[in-house]
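# Reading the structure
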Amino acid sequence: MRALSIAKINDNLINEDAAIANDCKIAVSDGAGGGGVFADKWSKYLVEHLPDKPIKDYAAFDKWIDGIWEPFYNDCEEKAKAEGGMLLNKFYDEGSFATIVAVWKTGEWISYGDSVAFCYNRKTKNLQHSFGQIVNFNRPPYLVNCKDPSDEKGFKYGKFKMDEDCIMFAASDALAHYVLMMYEVSHLDRYASELQEAVDAQTKNSSYVKAAMSLRQVYFEKRLMKLLNLKHKGHFKQHLQKLYKDGLISHDDYSLVIM
C-alpha cells in the first residue's frame, strides 16, 4: 500500500490533491481550485471519510456525501467568517469542489470526476480502468460539492476482473492521462483512431499525445513499473519533473495510490 501526492512543481502552491492507501482501500481526490474555496481541505476530508466497505451504487454514494458534508461546511463557514468579505461570499455562492476515485480490496471502484482507477495484469498485459476515451480528459469534470447535490450522471461504479497477477492503483487526472496515453500508444493498432481524435481536438492534451506518439518505442510495462515502484516523494517528484520536461504530462498536482 502506498500513497504519493505532490503539489505543482516549482510553483510553491498548496497541494489541492489528497491521497490515502490502507488495508481496505486506496483513494485520490483532486480538489478543484478553479472554483469555490477550501479545495485542499475538501479533498482531504473526502478521502478521510470514505467507508471501509465499497460504495456500490449512486444511492449509496449520495447517502455517504449527505452524511458527511455538514460538519465540513460548518467548520469552513467559521473559517470563511473569520476572513470575511470576498472569501465568505465565494464560499456561500460556490462551496468547495473536488473529484473522488476509490478502489477497495474487492476490486470494486467508484469515480466521480476525472481521477482514474486502474488495474494492470502483468501476465496478460491488459489495463482495465474507470475512464472512457482519452479525449474525454478535455471535458470539464464532474465535481463533488460540499453544499450542492451531486449529479447521478457523474457517478461510475465498477469491479475489476482480478487475479494474483494484477496491480490496482489510482491517479489524479494529469498522471492518469499519462498512464492511459502511454498504454494506448504502446497498442497503436488498437487505439490509433482514439489517439488521432485526441490529437485533432487541438487542446493542451493533444501536445502530450503527439509527443508520446513521436517516441520511437514505448515499453508500457517498463514505464508503468518505474512509476509504481517509486517509494519516496522526492523520487516521485524527480520522475514527474522529467516527464514534464519531455512534454508527456501537464503541469498539475500529482497523486498516485497503489494497492
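This report concerns the structure included in the present document. Values in this document were obtained by computation on a predicted structure and should not be read as measured data. (Residues numbered from 1 in each chain as written. Predicted model: local features only at pLDDT ≥ 70, side-chain atom pairs only at ≥ 80, totals over all residues. Heavy atoms only, no water.)

## Points about the packing of aromatic side chains
Per the stated rule, a full pass over the model turns up 19 aromatic pairs. Considering the side-chain rings of Trp 69 and Tyr 73, the 5.9 Å spacing of their centres and the 75° angle between planes classify their relative orientation as edge-to-face. One end of the pair, Trp 69, and the other, Tyr 73, are both in helix α2 (residues 58-83), four residues apart, so they sit about a helical turn from each other. Relative to Phe 169, the ring of Phe 118 has its centre 4.9 Å away and its plane inclined at 15°; by these criteria the two rings are stacked. Of this pair, Phe 118 sits in strand β7 (residues 116-121) while Phe 169 is found in strand β11 (residues 166-171), placing the two residues 51 residues apart along the sequence. Put simply, the rings of Tyr 58, Phe 61, Trp 64, Tyr 112, Tyr 142 and Phe 155 touch in pairs and so form one group of aromatic residues. (Phe/Tyr/Trp six-rings, centres within 6.5 Å; stacked < 30°, edge-to-face > 60°. Helix = DSSP H or I, 4+ residues; strand = E, 2+ residues; numbered from the N terminus.)

## Some thoughts on the environment of Ile 14
Looking at where Ile 14 falls in the secondary structure, it is placed in the loop between β1 (2-6) and β2 (17-21). In the structure, Ile 14 is positioned 26 residues away from Asp 40 in sequence and 7.6 Å away in space, judged by C-alpha atoms. For Ile 14, the residues in contact, after removing those within four places along its chain, are Ala 7, Asp 40 and Asp 253. (Contact = heavy atoms within 4.5 Å.)

## Quick word on empty space enclosed by the protein
Enumeration according to the criterion identifies one cavity of 30 Å³ or more in this entry. Considered as a void within the structure, the largest cavity measures approximately 40 Å³ in volume. Taken together, Tyr 178, Val 179, Met 182, Phe 220, Arg 223, Leu 224 and Leu 227 form the lining of the largest cavity. Put simply, the parts of the chain that give the lining of the largest cavity at least two residues each are α4 (173-185) and α7 (220-228). Element by element, the count of residues in the lining of the largest cavity is highest for α7, at four residues. Of the residues contributing to the lining of the largest cavity, the split by class is six nonpolar, no polar and one charged. (1 Å grid on protein atoms, 1.4 Å probe; cavity = no way out; pocket = protein on both sides within 12 Å on 5 of 7 lines; lining within 4 Å. Points joined across faces, edges and corners; volume = space filled by probe spheres on them. Nonpolar A, V, L, I, M, F, W, Y, C, P; charged D, E, K, R; others polar.)

## A short note on the sheet that holds β1
Pairing is antiparallel across the open sheet formed by five strands, whose spatial order is β1-β12-β11-β7-β8. What marks the edges here is a single partner per strand, and that holds for β1 and β8 (127-129). Taking the axes of each pair of neighbouring strands and ignoring which way they run, one obtains an average angle of 15° across the sheet. Inspection of the sheet shows β7 paired to β11 by six bridges, in the antiparallel sense. (Pairing = 2+ DSSP bridges. Axes fitted to C-alpha atoms, helices over the stretch in contact; angles between N-to-C directions.)

## Considering the layout of surface pockets
Empty pockets left among the atoms are what a rolling probe the size of a water molecule brings to light. The volume enclosed by the largest pocket comes to roughly 350 Å³. Asp 114, Pro 141, Asp 173, Lys 204 and Asp 252 are, among the 18 residues lining the largest pocket, the residues nearest its centre. For the lining of the largest pocket, the leading source of residues is α4, giving three residues. Among the residues forming the lining of the largest pocket, the class breakdown is five nonpolar, seven polar and six charged. The volume enclosed by the second largest pocket comes to roughly 270 Å³. Residues belonging to the lining of the second largest pocket are distributed by class as follows: five nonpolar, five polar and four charged.

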